[in-house]
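Report on the structure
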Amino acid sequence: MMDDLFRGDYAAVPTNVPVMILGLLLAFAAGQVMAWVYMFTHSGLSYSRSFVNSLIVMPTVVALVMMVLSNNLVTAFGLMAVFAIVRFRNILRDTLDTAYILCVIVIGMAAGTMKFATAIIGCLLLAAILMYLWSTSFGTRHRYDAIINLHWGRPLSELGDLRNLLRRHSRKAVCASQRSLEGYAGADLSFRLLMRDPERLEDLLTELRAMQGVSRVAGLQAEEESEL
């Protein structure tokens, strides 16, 4: 009885048990790779241990599903009916999490259809792409390095002296705001700067404090914009 159990499935196309086990183990190993990449590169507050575990389990399940559906149209329609009844809903906070889900599903499909070379190459390539995006901070927009707030006590027609100083230290200087009140000498100015050398911000602040007509100087480093 036990020999008949492990000899193979009694289906139209007998199951090659060693190949099936190899496909499932490959899907499990690929899921481990993607999970480790996710754990190593993830940043933010949306980290979830259950999501990491799902990255390991999902390709194995998908591979098994593909093996069940292989050469069996009736089973395929039956499985579609089951998934139509049982619905799985999960809200992903990070858009990149969706990419991870798609990656492990495709890898599981490749392993389940016995396309082992495709599964291995695809897993390694996708892992390399995700590591590249993380290591290079690809997609980050760095519009400016510093924000300078100051009070300008001289006439606004003499702002050229201030702009010349800012140009010496920055590639781009944009006046983000200018505020002046009646009965209040001068104006409060705020500049956004793309520094030539971000390490020399203190030198710029020192020169600004020494400039005639400039007071209440404050500067801070601007953070990179990773998303809108």
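Residues numbered from 1 in each chain as written. Predicted model: local features only at pLDDT ≥ 70, side-chain atom pairs only at ≥ 80, totals over all residues. Heavy atoms only, no water.

1. Some remarks on the overall build of the chain
Within the chain one finds eight helices and four strands. Element order for the chain, N to C, with α for helix and β for strand: α-α-α-α-α-α-β-α-β-β-α-β. Within the structure as shown, the chain displays about 15,300 Å² of accessible surface, and the carbon and sulfur contribution to it stands at 62%. (Helix = DSSP H or I, 4+ residues; strand = E, 2+ residues; numbered from the N terminus. Areas by Shrake-Rupley, 256 points an atom, 1.4 Å probe, with all protein chains shown as cover.)

2. Describing the pattern of salt bridges
Once the charged atoms of two side chains with opposite charge are near each other, the side chains can pair. Following the criterion strictly, the structure yields six salt bridges and no others. In this structure, R168 and E207 form a salt bridge, with 3.0 Å as the shortest nitrogen-oxygen distance. One end of the pair, R168, is in helix 7 (residues 159–169); the other, E207, is in helix 8 (residues 201–210), and 39 residues separate them in sequence. Overall, the relative accessible area of 31% leaves E207 in the partly exposed class. Three or more residues are tied together by salt bridges with common partners; here these are R154, E158 and D161. (Salt bridge = Lys/Arg side-chain N within 4 Å of Asp/Glu carboxyl O. Buried < 20%, exposed > 50% of the residue type's maximum accessible area, 1.4 Å probe, protein only.)

3. Here's the deal with the side chain of S170
Relative to the assigned elements, S170 resides in strand 2 (residues 170–179). A polar atom in the side chain of S170 sits 2.6 Å from the backbone oxygen of L166. Aside from chain neighbours lying at most four places away, what touches S170 is L193, L194, M195 and R196. (Polar contact = N/O pair within 3.5 Å; in protein donor to acceptor, adjacent residues only side chain to side chain. Contact = heavy atoms within 4.5 Å.)

4. Some words on the environment of M66
Relative to the elements of secondary structure, M66 occurs in helix 3 (residues 49–69). As for M66 and A110, which are separated by 44 residues in sequence, their C-alpha atoms are 8.7 Å apart. Once residues lying within four places of it in the same chain are set aside, the contact partners of M66 are M109, G112 and T113.

5. Some words on the sheet that holds strand 3 (residues 187–195)
Taken in spatial order, the four strands line up as 2-3-1-4 in an open sheet, and their pairing is antiparallel. Sheet topology places strand 2 and strand 4 (214–221) at the edges, where each strand pairs with a single neighbour. When the angles between neighbouring strand axes are averaged without regard to direction, this sheet yields 20°. The sheet strands contacting helix 7 are strand 1 (146–152), strand 2 and strand 3, and the helix crosses strand 3 at an angle near 25°. Its contacts with the sheet put helix 8 on strand 1, strand 3 and strand 4, and the angle it makes with strand 4 is roughly 170°. (Pairing = 2+ DSSP bridges. Axes fitted to C-alpha atoms, helices over the stretch in contact; angles between N-to-C directions.)

6. Focus on helix 6 (residues 116–136)
In this model, helix 6 (21 residues) spans 30 Å end to end at C-alpha, consistent with the 30 Å of a helix rising 1.5 Å per residue. In the core, the buried residues of helix 6 are packed alongside helix 2 (17–41) and helix 5 (95–112). (Expected span 1.5 Å × (residues − 1).)

7. Some words on helix 7
For helix 7, the complete set of buried residues consists of L159, L162, L165, L166 and H169. Buried residues along helix 7 cover an arc of 120° about the axis, so they all sit on one side. (Arc of directions from axis to C-beta.)

8. Regarding the nonpolar core
Of all hydrophobic cores here, the largest spans 20 residues; its most connected members are I148, L150, W152, L162, L189, L204 and L208. Filtering out sequence-adjacent residues up to four positions away, L189 remains in contact with I148, N149, L150, W152, L159, L162, S177 and Q178. Judged by nonpolar contacts, the second largest core, of 17 residues, contains A30, F51, Y100 and A127. (Core = buried A, V, L, I, M, F, W, Y, C linked by side-chain atoms within 4.5 Å.)

9. Things to note about the packing of helix 7 against helix 8
Two numbers describe how helix 7 lies on helix 8: the axes approach to 10 Å, and their chain directions differ by 165°. Considered as vectors, helix 7 and helix 8 are oriented roughly antiparallel to each other. The interaxial crossing formed by helix 7 with helix 8 has right-handed handedness. On helix 8, the residues that touch L162, L165, L166, R168 and H169 of helix 7 are D203, L204, E207 and L208. Grouping the amino acids of the contact of helix 7 with helix 8 by side-chain chemistry returns five nonpolar, one polar and three charged. (Parallel < 35°, antiparallel > 145°, perpendicular 65-115°, else oblique. Left-handed = near helix turned anticlockwise from the far one by under 90°. Nonpolar A, V, L, I, M, F, W, Y, C, P; charged D, E, K, R; others polar.)

10. Thoughts on the packing of aromatic side chains
Tallying each qualifying case throughout the model produces three aromatic pairs. Residues Y38 and Y100 carry aromatic rings whose centres are separated by 5.0 Å and whose planes lie at 85° to one another, so their mutual orientation is edge-to-face. A residue pair is termed long-range when its members are at least 10 positions apart, and Y38 in helix 2 and Y100 in helix 5 qualify at 62 residues. Of the two residues, Y38 and Y100, both sit in the buried class. Put simply, the rings of Y38, F51 and Y100 pair up and form one aromatic cluster. (Phe/Tyr/Trp six-rings, centres within 6.5 Å; stacked < 30°, edge-to-face > 60°.)

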